[in-house]
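# Overview (structure and organization)
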Amino acid sequence: MTKVTSINGAFVSTGEPNEFAVQSLKDALERAQSGDVIGVGVVMRHADGCGSFSIAGSVGGYSMLGALEMVRSEIVDVNNGDD
């Protein structure tokens, strides 16, 4: 297999499954199937670097906005190189 490296050393996606992402989605699906999760907002990063989102179910309420803010904060930290 060829090793792909970007000019600035940043991560380069090979389009291979990310096991952490797969497991997180499986866990969320199990919780939805059990009735624990009744609404979702999903933010996705694709292998080509693009992003997308999806919402479904009961997504009203301020608790989801708080959780969304935590996701936003984590993504900002990752992009700033913070641990």
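Look above for the structure.
For the structure given in this document, a descriptive report is provided here. Along each chain, the written sequence defines residue order, and numbers are assigned to residues from 1. Restriction of local features to residues with pLDDT of at least 70 applies here, the model being predicted, together with a cutoff of 80 or more for giving and counting side-chain atom pairs; totals for whole chains, interfaces and linings are based on all residues. Each side-chain value is worked out from all heavy atoms of the structure, with water and hydrogens disregarded.

## So, the overall build of the protein
In DSSP terms, a helix is any run of H or I states spanning at least four residues, a strand is any run of E spanning at least two, and both are numbered starting from the N terminus. Of the regular secondary structure elements, the protein holds 2 helices and 2 strands. In sequence order, the protein lays out its α and β elements as α-β-β-α. Under the scheme applied here, a residue whose accessible area is under 20% of the maximum for its type counts as buried, over 50% as exposed, and between as partly exposed, the area being computed with a 1.4 Å probe on protein chains only. The proportion of buried residues among the 83 residues of the protein is 1%. We get accessible surface area from the Shrake-Rupley algorithm with a probe of 1.4 Å; when it comes to residues, only the shown protein chains can shield them. For the protein, the accessible area works out to roughly 7400 Å², and carbon and sulfur atoms hold 59% of it.

## A closer look at a nonpolar patch on the surface
Like-charged residues are merged into a patch within 9 Å and nonpolar side chains (Val, Leu, Ile, Met, Phe, Trp, Tyr) within 5 Å, provided each residue has over 30% relative accessible area and no salt bridge. By salt bridge we mean one thing: a side-chain nitrogen of Lys or Arg within 4 Å of a carboxyl oxygen of Asp or Glu. There is a patch of nonpolar side chains on the surface, built from Val43, Phe53, Ile55, Val59, Tyr62, Leu65, Leu68, Val71 and Ile75 and spanning about 960 Å² of accessible area. Put simply, the parts of the chain that give the nonpolar patch at least two residues each are strand E2 (51-57) and helix H2 (62-80). Among the elements that make up the nonpolar patch, the one with the highest residue count is H2 (5 residues). Under the relative-accessibility criterion, Val43 is labelled exposed at 55%.

## Description of H2
Multiplying 1.5 Å by the helix residue count minus one yields the expected span of that helix. Between its terminal C-alpha atoms H2 stretches 27 Å, which fits the 27 Å expected from 19 residues at 1.5 Å a residue. Immediately beyond the C-terminal end of H2, within one or two residues, lies Gly81, with a positive phi of roughly 80°.

Purely geometric stuff here, so don't read any function into it on its own.
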